[in-house]
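Structural overview for review
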Amino acid sequence: MNVHVIGIGLIGGSMVLDIKEIHPEATIYGIDTNEKHVQKAMALGVIEKEGNFEDLATADFVIVSVPVDVALLVLPKVLDAIGDQTIVFEVGSTKMPICEIVANHPKRRNFIATHPIAGTEFSGPSAAIKGLFQGKTNIICEVEKTAFKLQEKALDLFRNMGMRIRYMDPKSHDKHIAYVSHLSHISSFMLGKTVMNKEKDEQDIFDMAGSGFESTVRLAKSSPAMWTPIFKQNKKQVVKTLEEYIANLTHFKDLLVSDDYDAIYEEMANTNRIKEILNGITTIKK
């Protein structure tokens, strides 16, 4: 089995580590514009050999795990180079632009649009970890456009990684992910910025920061090179979520200014229901 990963970072690297666990006979090739990433990935055992586009014709699996703006350029070239039995999947956080760019490609049947909902705030080959996808959801878009035998090949692999499969159209995916992922990252970045600006005058603020602050700003450590193209591609949906979020923040501020603490209590009590929702989701996944 020949597996090629293009972009050797957290998601692509973690995927090939799991593939190697499932298929010890597989040879893992890595392609990355950063030669240091290639060398680091080989040193860590994430990949075994450096790959190139000319070798894709004999690949069984090709994982495209690059920033979503780069994926729009890389993915058509990958499909141009692969063989008839190769299955290609791209793992980025936006799906509409990706699906549109390959819609009329002659080898569209060899492509499956995926978004594994998993990750950490770290990046690069050293961020790759085994078992990252265990119990996580993998969103599959436009599965009907992938050749049946090839989609089964990919879905079997995802299930063997421990992922739960969910099917969704690209537009719905980009709308929903704007709320549960993209908005979370913006909130984290802007909270970090707010505190850092204040810290210029009050160094002690970081001495007082506890686990609540740390967990809330964890996502602010994520790669801007990855997230800026995501916000650009999903601008329309992200702007909508920001408008709703800002309206809620403004409402909370108004309640505080007017000393309406009963209303503030009710706001928080009603939002406490999210515990039940998240617990229900966890139970379903198990």
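The following paragraphs examine the structure supplied in this document. Worth saying up front: this structure is predicted, and the values here are computed from it rather than measured. (Residues numbered from 1 in each chain as written. Predicted model: local features only at pLDDT ≥ 70, side-chain atom pairs only at ≥ 80, totals over all residues. Heavy atoms only, no water.)

The next subject is the nonpolar core. Core analysis: the largest hydrophobic core is formed by 36 residues, its most contacted members being M15, I63, F89 and F158. In terms of residues, this core owes the most to one element, helix α1 (residues 10–22), which gives six residues. In contact with F158, other than residues within four places in its own chain, are M15, F89, T114, N138, I140, M163 and I165. Within the second largest apolar cluster, 22 residues are counted, among which are I31, L56, A71 and M168. (Core = buried A, V, L, I, M, F, W, Y, C linked by side-chain atoms within 4.5 Å. Buried < 20%, exposed > 50% of the residue type's maximum accessible area, 1.4 Å probe, protein only. Helix = DSSP H or I, 4+ residues; strand = E, 2+ residues; numbered from the N terminus. Contact = heavy atoms within 4.5 Å.)

What follows concerns unusual backbone geometry. Negative phi values dominate among residues other than glycine, just as trans dominates among peptide bonds. Positive phi is not limited to glycine here, since E142 has a value of about 55°. Tracing the backbone shows E142 in the loop between β7 (137–141) and α5 (148–160). Despite not being glycine, D259 has its phi angle at roughly 60°, a positive value. Structurally, the position occupied by D259 is in the loop between α10 (235–257) and α11 (261–271).

Attention shifts here to the pairing of strand β5 (residues 87–90). A two-sided burial pattern is seen for β5, the buried positions comprising I87 and F89 on one face and V88 and E90 on the other. Sheet analysis places strand β4 (residues 61–64) next to β5, joined by four bridges and oriented parallel. Residue pairing in the sheet places V64 in a bridge with E90 of β5. At this point the chain moves from β4, through helix α3 (residues 68–81), to the parallel β5, and the crossover so formed is right-handed. (Pairing = 2+ DSSP bridges. Right-handed = clockwise from strand over helix to strand, strands pointing away.)

Another point: the packing of aromatic side chains. Scanning all chains against the criterion turns up three aromatic pairs. Centre to centre, the rings of W227 and F231 are 5.6 Å apart; their planes meet at 40°, and the pair counts as tilted. A residue pair is termed a helical-turn pair when its members lie 3 or 4 positions apart in one helix, as W227 and F231 do in helix α9 (residues 224–233) at four residues. W227 gets classed as buried once you look at its relative accessible area, which sits at 6%. Following the ring pairs from residue to residue traces out a cluster consisting of F61, F89 and F158. When the ring centre of F61 is taken as origin, the NZ or CZ atom of K153, which lies over that ring, is 5.2 Å away. (Phe/Tyr/Trp six-rings, centres within 6.5 Å; stacked < 30°, edge-to-face > 60°. Lys NZ or Arg CZ within 6 Å of the ring centre and 35° of its normal.)

What follows concerns the sheet that holds β5. Here eight strands make up an open sheet; going across it, the order is β3-β2-β1-β4-β5-β6-β7-β8 and the pairing mixed. Since the sheet does not close on itself, it has two edges, and those belong to β3 (49–50) and β8 (164–167), each with one partner. Pairing geometry for strand β6 (residues 111–116) and β7, over four bridges, is antiparallel. Bridge pairing in β7 links H115 to I139.

All quantities given are derived from atomic positions and should not be read as evidence of function.
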